Amino acid sequence: MPFFIATDSFNNLAVTRYQGHCFAKDLSAEGFRTTLITDSAVFAMISRVNMVVVGAHTVMANGGIIGPVGLNMLALAAKQHGVPFVVVAATHKLCPLYPENPVVRLNELKSPSDLLQFGEFSECMELAPDSSACVLNVVNPAFDYVPPQLINLFITDIGGHNPSFMYRLIADYYSADDFIL
Amino acid sequence: MWWRSPSFILDNRQQQPNDTARRDALSIPLSSPLPPSTTMADPNPNPNHKISAYYQTRAAHHGVVSSDWLAQAQAAVGHLPEGDDDASNNDQGAPSGKPFSVIDEFNNWRKQPDLAEAVAAIRALAAVIRNSQATTMMELEIELKKASDSLKSWDTTSISLTAGCDLFMRYVTRTSALEYEDFNSAKTRLIERAEKFGEISYKARKIIAMLSQDFIFDGCTILVHGFSRVVLEVLKTAAQSKKLFRVFCTEGRPDRTGLRLSNELAKLDVPVKLLIDSAVAYSMDEVDMVFVGADGVVESGGIINMMGTYQIALVAHSMNKPVYVAAESYKFARLYPLDQKDMGPALRPIEFGVPIPSKVEVETSARDYTPPQYLTLLFTDLGVLTPSVVSDELIQLYL
């Protein structure tokens, strides 16, 4: 009977945080023994884990993935402890671009209100009387890039592959003319 | 990788007679007339096949004036009028007294410094088809094969030459035109394909430059090693599209490629900094990406390039900097080196400026092999490829 550990801010794009909580609830509703931890506790708990399974927002041409923020940390922890990192992604997530392309690297920044309430933020504004710019900067990136070296296996709707094979699927599904629109 | 010949004394003994012959040749003072070993019969200016003519040429085209270069220039000047005569004879028409020599045609094309050696070979082979007197397809193919073999044997150390000839043969003969009953139309079709291949190879640089523009962002620092005309084209295109970037050039001993490259970049108003080869690790933290060309791309996805590339790739990899390679597709070769010494030797005499005692050995190899795990991406005219894709593309090209 597998044990599941779900992390706190495991989230899909559109919705607010606490998705990890919802996921943990769904899993326990199915009857799985679930443990909920925060993102910061990943390194502490990774040694108790046999396998990491995640989804992805996109799969890049070099086999890397763009996923919710915090995924890179999880991948690094898994690599450090020799835990297999498995990405579950269907072929409609394939993207013919490379992550070094600056268009891709521009991370979407979500509203900082997720982190800091506007009321508390306005208190910080008063702390710097002279300048019009606030001394406190709140950044809430939506995505993380995980390089292909940290990924062990991709499970797609047409089978399991390793990251260096993903370019083949892209060549199969995309015509070369459509790589750059 | 750990193999060392236990009988290195034997190896030395074998090398010594060659070395002494070579040293005699090099010690001929500059004021003397053409070295007697160069004749029309052997167009390779250096009859000692251990010294790579390929690298000699590159040095001649791109290096700062050195005594070797001067000696070579003298030899070349000695050849030039005869070379021109051959060309004009051939142009005048088929019935010329001299038989068509593919090597001469190749040498004519090769003299232009902007033309890659493989492209010169491709053009020479296209000329073979044009000037061929064959009346059947078999005969033509045999002629082509002979011409290709003689080109390849002219310099066995040049990978792009061998690969270019092989790919030309496959591209040109892989057509249904060979099934035509009419020999002349089939021949015309072959000539068309040959010219097209020549055009593709010639334009490859522009395609690569276009593909790599996305990867150069404003404010980046690029480290460049060796004088690659493809990389120069990439940087030229980026400078012309008003991107702001700066370049670190390694000095590139012994060919001093860095000096020539920094010259070219200064003309484009690109901020350039010259580093000695040993200063690469020191400056690597300021660098955003490494850009190199390639003499050959091998089946594993690694590259063979000027000596020092492997070192730089190792340093870049250890500091997580991407290493980009710009190589045309005709450089893809059917080779799989297992370690640095697994390739044919390509030696390039190094002059230190001071006399070296004869007991001291010098490592004169001109190139090294960079394994694929240290490379990030390859920019080719077939597209942007990761090193693992290279073997796939090779299969498609060759089979």
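Residues numbered from 1 in each chain as written. Chains lettered and ligands numbered in written order. Predicted model: local features only at pLDDT ≥ 70, side-chain atom pairs only at ≥ 80, totals over all residues. Heavy atoms only, no water.

**Comments concerning the overall build of chain A**
Here's step 1: Tallying secondary structure elements over chain A gives 6 helices and 9 strands in all.
Here's step 2: A sequence separation of at least 24 residues applies to 73% of the contacts in chain A between residues at least 6 apart. (Helix = DSSP H or I, 4+ residues; strand = E, 2+ residues; numbered from the N terminus. Contact = heavy atoms within 4.5 Å.)

**Quick notes on the packing of helix H4 (residues 102-110) of chain B against helix H6 (residues 137-154) of chain B**
Helix packing geometry: the angle between the two helix axes and the distance between the axes.
Residue and element names in this part refer to chain B.
Here's step 1: At a closest axis distance of 9 Å, the pairing of H4 and H6 adopts a crossing angle of 55 degrees. With respect to each other, H4 and H6 are oriented oblique. The crossing of H4 and H6 is right-handed. Between H4 and H6, the contacting residues are Val102, Ile103, Phe106, Asn107 and Arg110 on the first element and Ala147, Ser150, Leu151 and Trp154 on the second. (Axes fitted to C-alpha atoms, helices over the stretch in contact; angles between N-to-C directions. Parallel < 35°, antiparallel > 145°, perpendicular 65-115°, else oblique. Left-handed = near helix turned anticlockwise from the far one by under 90°.)

**Let's talk about the confidence of the model for chain B**
All names here are of chain B.
Here's step 1: For chain B, the average pLDDT comes to 78, and 74% of its residues sit at 70 or higher.
Here's step 2: Contacts of residues 19-44 to residues separated by more than four positions or lying in other chains number 28 contacts, the stretch itself having pLDDT below 50.
Here's step 3: A low-confidence stretch, residues 62-69 (pLDDT under 50), is modelled with 18 contacts involving residues beyond four sequence positions or located in other chains.
Here's step 4: In the predicted complex, the global pTM is 0.74; the interface-specific ipTM is 0.72. (pLDDT = per-residue confidence, 0-100.)

**As for the nonpolar core**
Here's step 1: Ile129, Phe168, Leu223, Met284 and Val290 of chain B are the most contacted members of the largest nonpolar core, which has 69 residues in total.
Here's step 2: The greatest single-element share of this core, amounting to 10 residues, is contributed by helix H5 (residues 117-130) of chain B.
Here's step 3: Val54 and Leu150 of chain A together with Val224 and Leu235 of chain B belong to the second-largest nonpolar core, a separate cluster that totals 55 residues. (Core = buried A, V, L, I, M, F, W, Y, C linked by side-chain atoms within 4.5 Å. Buried < 20%, exposed > 50% of the residue type's maximum accessible area, 1.4 Å probe, protein only.)

**Quick notes on the interface of chain B and chain A**
Interface extent is often summarised as the accessible area lost during association of the parts.
Here's step 1: The interface is formed by 12 residues belonging to chain B together with 9 residues belonging to chain A.
Here's step 2: Each partner contributes to the roughly 940 Å² buried at the junction of chain B and chain A, and carbon and sulfur atoms together form 59% of this total.
Here's step 3: The largest share of the area that chain B buries against chain A comes from Asp214, Phe215 and Asp392 of chain B, three residues that together contribute 40% of it.
Here's step 4: Summed over the shared surface of chain B and chain A, the result is 1 salt bridge.
Here's step 5: Residue Arg168 of chain A is joined to Asp392 of chain B by a salt bridge in which the shortest nitrogen-to-oxygen separation is 2.9 Å. (Buried area = accessible area lost by both parts, 1.4 Å probe. Salt bridge = Lys/Arg side-chain N within 4 Å of Asp/Glu carboxyl O.)

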